Amino acid sequence: MSLLVWFTSSYFGSGSFLHLQVVRYTALFTGVVYGFYHRRTLQANHDQQKVEHAVHTRERLVAEAKEAWKRRNEAKNSNVITDTEDPRFDLEKLLLSFDKAS
């Protein structure tokens, strides 16, 4: 004998079929409503984490791009040619620029 049948039979006396159905459908409806509410809260939390992750990723990419831009502009302003195939390449200037950087 299930717990629900025992509870309804002891609560309603003889355990009439109508009262048993009311309790069962009330429990079912309550479970469905709770499941719907719980799913919405879980989905909202997931969506919020997704947005935060996207923002963090964009911030990291912007920081990397700014750093790359800064390095690129510093290389242009240094007048040191790093391409070894260029006829104007000077190893001594390159080594001195590395020495200054460190």
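This structure is a prediction, so every number in the text was calculated from the model and none was measured.

K.L.:
Whenever I open this one, the overall build of the protein confuses me. Can you help?
P.N.:
Secondary structure summary: the protein contains three helices and zero strands in total. Burial statistics for the protein: of 102 residues in total, 7% are counted as buried. Element-wise, carbon and sulfur atoms account for 61% of the exposed surface of the protein, whose accessible area totals about 9300 Å².

K.L.:
Explain a nonpolar patch on the surface to me, please; I cannot follow it from the model alone.
P.N.:
A cluster of nonpolar residues, Y25, L28 and V32, forms a patch on the protein surface that exposes about 330 Å² of accessible area. With respect to the helices and strands, Y25 occurs in helix α2 (residues 17-77). Residue classification places Y25 among the exposed positions, given a relative accessible area of 54%.

K.L.:
Just checking my understanding: could you explain the confidence of the model for the protein for this structure?
P.N.:
Note that predicted coordinates carrying low pLDDT should not be read in detail. With 79% of its residues at a pLDDT of at least 70, the protein reaches an overall mean of 83. Across the protein, element-level confidence peaks in α2 with a mean pLDDT of 92 and bottoms out in helix α1 (residues 3-11) with 58.

K.L.:
Could you clarify how one ought to interpret the pattern of salt bridges in this entry?
P.N.:
Oppositely charged side chains can pair when the atoms bearing their charge come close. Taken as a whole and judged by the stated rule, the model has two salt bridges. With a closest N to O distance of 3.3 Å, E64 and R60 form a salt bridge. In this pair, E64 and R60 are both assigned in helix α2, four residues apart and thus about one turn of the helix distant. Taking relative accessible area as the criterion, E64 reaches 43% and is therefore assigned partly exposed.

K.L.:
I'm lost on the environment of E92 in this one. Help?
P.N.:
Topologically, E92 is positioned in helix α3 (residues 91-101). Take E92: its relative accessible area is 57%, and that puts it in the exposed class. Here the alpha-carbon distance between E92 and V80, two residues 12 residues apart in the chain, equals 9.8 Å.

Calculation criteria
Residues numbered from 1 in each chain as written. Predicted model: local features only at pLDDT ≥ 70, side-chain atom pairs only at ≥ 80, totals over all residues. Heavy atoms only, no water. Helix = DSSP H or I, 4+ residues; strand = E, 2+ residues; numbered from the N terminus. Buried < 20%, exposed > 50% of the residue type's maximum accessible area, 1.4 Å probe, protein only. Areas by Shrake-Rupley, 256 points an atom, 1.4 Å probe, with all protein chains shown as cover. Patch = residues over 30% accessible without salt bridge, like charges linked within 9 Å, V, L, I, M, F, W, Y side chains within 5 Å. Salt bridge = Lys/Arg side-chain N within 4 Å of Asp/Glu carboxyl O. pLDDT = per-residue confidence, 0-100.

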